[in-house]
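# Topology and contacts: notes
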Amino acid sequence: MKPNVLMVEDEAYLAMALEDLLTDAGYHVLGAARLSDALDIADHERVDVALLDINVQGEQVYPLANRLRECGVPFAFASAYSKDTIPEDFHDCELVRKPYTYERIIEAVESMVEQARPH
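None of these values were measured; they are calculated from a predicted model. (Residues numbered from 1 in each chain as written. Predicted model: local features only at pLDDT ≥ 70, side-chain atom pairs only at ≥ 80, totals over all residues. Heavy atoms only, no water.)

## So, the environment of glutamate 45
For glutamate 45, the position within the fold is in the loop between α2 (35–44) and β3 (49–52). When the C-alpha atoms of glutamate 45 and leucine 6 are compared, they prove to be 9.4 Å apart, with 39 residues separating the residues in sequence. (Helix = DSSP H or I, 4+ residues; strand = E, 2+ residues; numbered from the N terminus.)

What follows is the structure, given as structure tokens:
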């Protein structure tokens, strides 16, 4: 079964490119361009890992990050934000800085999928 990746990205072109990249790499992408949609997906779908833009249409993604953390779902931020602008509660989370390479995104997702596997 393909791992489900919740991808939260509000830039349409980037979201389409990431979805194609992740799908080609063998993942099933659950995409959201709004925080409310992402929260709904997290509540109703099986999410194995997540890739989160921090600022989504002017809203901070941290409520979703908290929910994912409570559910034990590994996630990484994919954002232009720097580590010092992220709340201290999330300093332990992986940050893939924009502009990023596709190789770096795949590396981050593969690492999270491995982390999510039962050992």
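## Brief notes about the UniProt feature "modified residue: 4-aspartylphosphate" (unreviewed entry) in the protein chain
Residues given the UniProt feature "modified residue: 4-aspartylphosphate" (unreviewed entry) here are Asp53. In this structure, aspartate 53 sits in the loop between β3 and β4 (55–56). Aspartate 53 has contacts with Val8, Glu9, Asp10, Val61, Ala78, Ser79 and Lys98, leaving out every residue within four places of it along the chain. (UniProt positions renumbered as here; feature names shortened; annotations may be inferred. Contact = heavy atoms within 4.5 Å.)

## Quick word on the layout of surface pockets
Over the atoms, a rolled probe matching the size of one water molecule traces out where space is still vacant. The calculated volume of the largest pocket comes to roughly 190 Å³. Leu68, Arg69, Gly72, Val73, Pro74, Phe75, Asp92, Cys93, Glu94, Ser111, Met112 and Gln115 are the residues that line the largest pocket. Breaking the lining of the largest pocket down by element, the ones donating at least two residues are α3 (62–71) and α4 (102–116). Of the residues forming the lining of the largest pocket, the biggest block, three residues, is contributed by α4. Taken together, the residues that form the lining of the largest pocket break down as six nonpolar, three polar and three charged. (1 Å grid on protein atoms, 1.4 Å probe; cavity = no way out; pocket = protein on both sides within 12 Å on 5 of 7 lines; lining within 4 Å. Points joined across faces, edges and corners; volume = space filled by probe spheres on them. Nonpolar A, V, L, I, M, F, W, Y, C, P; charged D, E, K, R; others polar.)

## A word on α3
Within α3, burial applies to Tyr62, Leu64, Ala65 and Leu68. Mapping the buried residues of α3 onto a view down its axis gives an arc of 155 degrees, with all of them on the same face. Every exposed residue of α3 that faces more than 90 degrees away from the buried side is listed here: Glu70 and Cys71. In this fold, the buried residues of α3 make contact with β1 (4–8), α2, β3, β5 (59–60) and β6 (75–79). Just downstream of α3 lies glycine 72, where phi reads positive at about 75 degrees. (Buried < 20%, exposed > 50% of the residue type's maximum accessible area, 1.4 Å probe, protein only. Arc of directions from axis to C-beta.)

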